[in-house]
Amino acid sequence: MFEYPSLAFRNKKYIANYDKKRKSFDVIIVTGDAYVDHPSFPTAVICRLLQYLGLSVAIIAQPDWNNDENFKVWGEPNLFFSINSGAMDSMVSNYTSASMPRSKDRLSPNGETGLRPKRALQIYVQKIHQLFKKSTIIVGGVEASMRRFAHYDYWENKVKDPILIDAPANILMYGMGEAIYPKIINWIKNEDKSSFPQIPQTVIKVKHNSWQDSIKNKYTILPSVEVCKTDKSAYIELAKILDVCMKPEADIYIQQHPKGDIICFPPTAKIFDEEIAMMDNLKFNRRSHPIYDKPIPALEPVQFSVQSHRGCLSACSFCALSLHQGRIIRSRSKESILNEIRDFVKHPDFKGIVPDIGGPAVNMYGWECAIGGCSRRACVYPTICKNLKHSLKPLAELLKAASQIKGVKKVFLGSGLRYDLIRDDEWDIFEYIIFNHVSGQLKVAPEHFDKKVLHLMRKGENADFGKFASKFYESCRKHNKKLFLVPYLMTAFPGSLEGDKILIKKVKELHLVHEQIQEFTPTPGSIGSAMYYTEKDFDGNKIWVPKTRTERMNTRSKLQNKNWELRFEN
C-alpha cells in the first residue's frame, strides 16, 4: 500500500504520514469531495500526479467555508493552491433537477449532505485569495471546465460570467490534467512577470483589451459576455462554437468582459497522448483516506473498476462531456490495463471481481478516425462516419484477456453499451460480451424514442430500439440465458411536448423496466442547456421547452403512475 497524503478534514487533522519537521508543502489541494485514493476521483489523480512529479502535497477536504482556520491548517504552499469543487459541479451535487436539496452526497462520508457549499469553486477561491493574497491559485475540474466561458445557470435562470470573473485564480485548467500540470509547474517555477502564461488547455483572465500584442497564433473572438446576456441568438451561437472547441486544431478563443477578457488556449495532440501515458504511472490504494471513520458511498461500486479510455465521439446535446474531455478517443494499451488488474490480486480487499472496464462510452475503446479527425467531429451523428474505425473486437479481446488473469474470477461491463453503435456483422461479438461480462442486466441508454426529440438530442435518431430489444431477447432464448435490458430514459428535454407522449407509448409497448428516468437538467456548457435557455434549437427554430414544475414532472409521473393524466401547461 502507498503512503496516504497529509489530509485535513473539517476540524480534524490527519498527520500520521506528515513529517513534522516539514514547515510547508509545495502544493495544497482544496476540494469539495472527501479524499478517496482512487483513479476515478479527480483529487486523488491530482495528488498522485504531483507526488509523481516530486512535489510534496497536502489536502484540505471539504473545509468549513465559514471557518478560516480550516483553510489555514497547512499554511501557505511553496508553489500554489490547487482548487476543485469535486468530481461533480457543486450545484448538481447539492440539488436535484427539481432544485430540491439532495438527500445524500455519495462523495461525502456516509453520504452526509451539507459538507460543500453551493458554487464551491467560487467560494473556495475567494476564501484562499482573501487569506493568502500573494499565493498562486490553479483551478480545475468539471465545475471550472464547464463554466470557463459565459454560461447559462439553471438554478439562477440567467447567463452568468465566466468563473474566473468571480473566482480570482491565476490559471484555469480545463479537461483532464495529467499532461497539463507539468507545464503549469514549469511556468510557476520560471514565471516571467512581463507576460502572461500561454499554456495549452488552460484559461486565463487578462486586463480588458490588453492581449492583442501577445497572442501570435490564430484566435477567434467569441460573442462578448455582455452580448450573450442580452441576446439569446448570440448565446446559441456561442454554444455552437464551443461545442467543437475541445480539439487540438482549435483556435485560441477569446471572450471579452469589462472586468477582464477570458483567453482559452486549445489542447494539442501531444498533450492527449501524454495524458494517457501518464495514467499508467500513477498508483493508488483504492481506499478512502484513513482519517474517515465512515465509508464514502461512491467508492464501493468502483473500487476495482478500470478506466480504459478518455473522450467520447458522441455529440449528445444534453451532455457536456465533449466540452470537458473532447471528441477524440484516447485508449490505454491493452497491456497497461491488464497490468493494473494484475495489481488488484495483491490488494487485501480484492475478491476476484472486476466490476467494470470502461469509459465515457464503453463501445468506443480502441476506436479512431482513419483520417485523423475533421472540423465537425460528428463521428456517430446523424450516422456513423465512413472514416471511423469502429469495432467491438478490441473491447471483447480486452475483457477476455482480463478474465484469464490468475486470481480474477469475473470481469463485468458495468458501464453499459451504446446499442445503436453495435454493427450488424458483430452481433456474435456482442453476444460474447453480454453472456460472459454482463451480470444479469445490460444498461443501455436510448434516452428517448421519438425521432424529433432524438434529433434535438443528437443521439441515434435512426436507431430502432424495439428491433434491438427483440434481437437481444431472442439471443437470450437461443443461448438459454436470462438477462434483462435496463434502459435509461430522459424526459422534459427541450422540444419534447409531443415526443414524451410517444416515449410513454413505446415504454408500454415494449414492457420496459423504467426505473432509470431522469428529467433533463440544464448544466453549464451543453448545447441542450442553451436550447433550454433560448427556447430555440441549434438551427434557430423556436421550440417548446418544459419549465414549470408540472411540465417537467408530467412524463415521469405518467410513466410511474398509470392514474396520472398527462397534461401540459401553455
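Provided above is the structure to which this section pertains.
Below or above, wherever it landed, is the structure these notes cover.

### Description of empty space enclosed by the protein
- Applying the stated criterion across every chain yields a total of six cavities of 30 Å³ or more.
- Volume-wise, the largest cavity comes out at about 90 Å³.
- Sorting the residues of the lining of the largest cavity by element identifies α5 (142–146) and α9 (232–242) as the ones contributing at least two each.
- For the lining of the largest cavity, the leading source of residues is α9, giving four residues.
- Broken down by class, the residue content of the lining of the largest cavity amounts to nine nonpolar, four polar and one charged.

### Points about the pattern of salt bridges
- The tally for this structure, following the rule as stated, stands at 35 salt bridges.
- In this structure, R147 engages D89 in a salt bridge whose closest nitrogen and oxygen atoms are separated by 2.9 Å. Of this pair, R147 sits in the loop between α5 and β8 (151–153) while D89 sits in the loop between β6 (80–84) and α3 (90–94), and the two are 58 residues apart along the sequence.
- Using a relative accessible area of 3% as the deciding quantity, one classes R147 as buried.
- Residue classification places D89 among the buried positions, given a relative accessible area of 8%.
- Where E274 meets K270, a salt bridge forms, and the shortest distance between an N and an O atom there is 4.0 Å. Linking E274 with K270, this pair stays in helix α10 (residues 269–279), spanning four residues, or about one helical turn.
- Each of D89, R119, R147, D153, E156, K158 and K160 takes part in salt bridges that share partners, so that together they form one network.

### Describing the packing of α9 against helix α18 (residues 527–534)
- Contact geometry for α9 and α18: axes closest at 9 Å, N-to-C directions at 175 degrees. Taken together, the axes of α9 and α18 lie roughly antiparallel to each other. On α18, the residues that touch K232, Y235, I236, A239 and K240 of α9 are I527, A530, M531, Y533 and T534.
- Broken down by class, the residue content of the contact of α9 with α18 amounts to seven nonpolar, one polar and two charged.

Here is what the cut-offs are and how they apply
- Residues numbered from 1 in each chain as written.
- Predicted model: local features only at pLDDT ≥ 70, side-chain atom pairs only at ≥ 80, totals over all residues.
- Heavy atoms only, no water.
- 1 Å grid on protein atoms, 1.4 Å probe; cavity = no way out; pocket = protein on both sides within 12 Å on 5 of 7 lines; lining within 4 Å.
- Points joined across faces, edges and corners; volume = space filled by probe spheres on them.
- Helix = DSSP H or I, 4+ residues; strand = E, 2+ residues; numbered from the N terminus.
- Nonpolar A, V, L, I, M, F, W, Y, C, P; charged D, E, K, R; others polar.
- Salt bridge = Lys/Arg side-chain N within 4 Å of Asp/Glu carboxyl O.
- Buried < 20%, exposed > 50% of the residue type's maximum accessible area, 1.4 Å probe, protein only.
- Axes fitted to C-alpha atoms, helices over the stretch in contact; angles between N-to-C directions.
- Parallel < 35°, antiparallel > 145°, perpendicular 65-115°, else oblique.
- Contact = heavy atoms within 4.5 Å.

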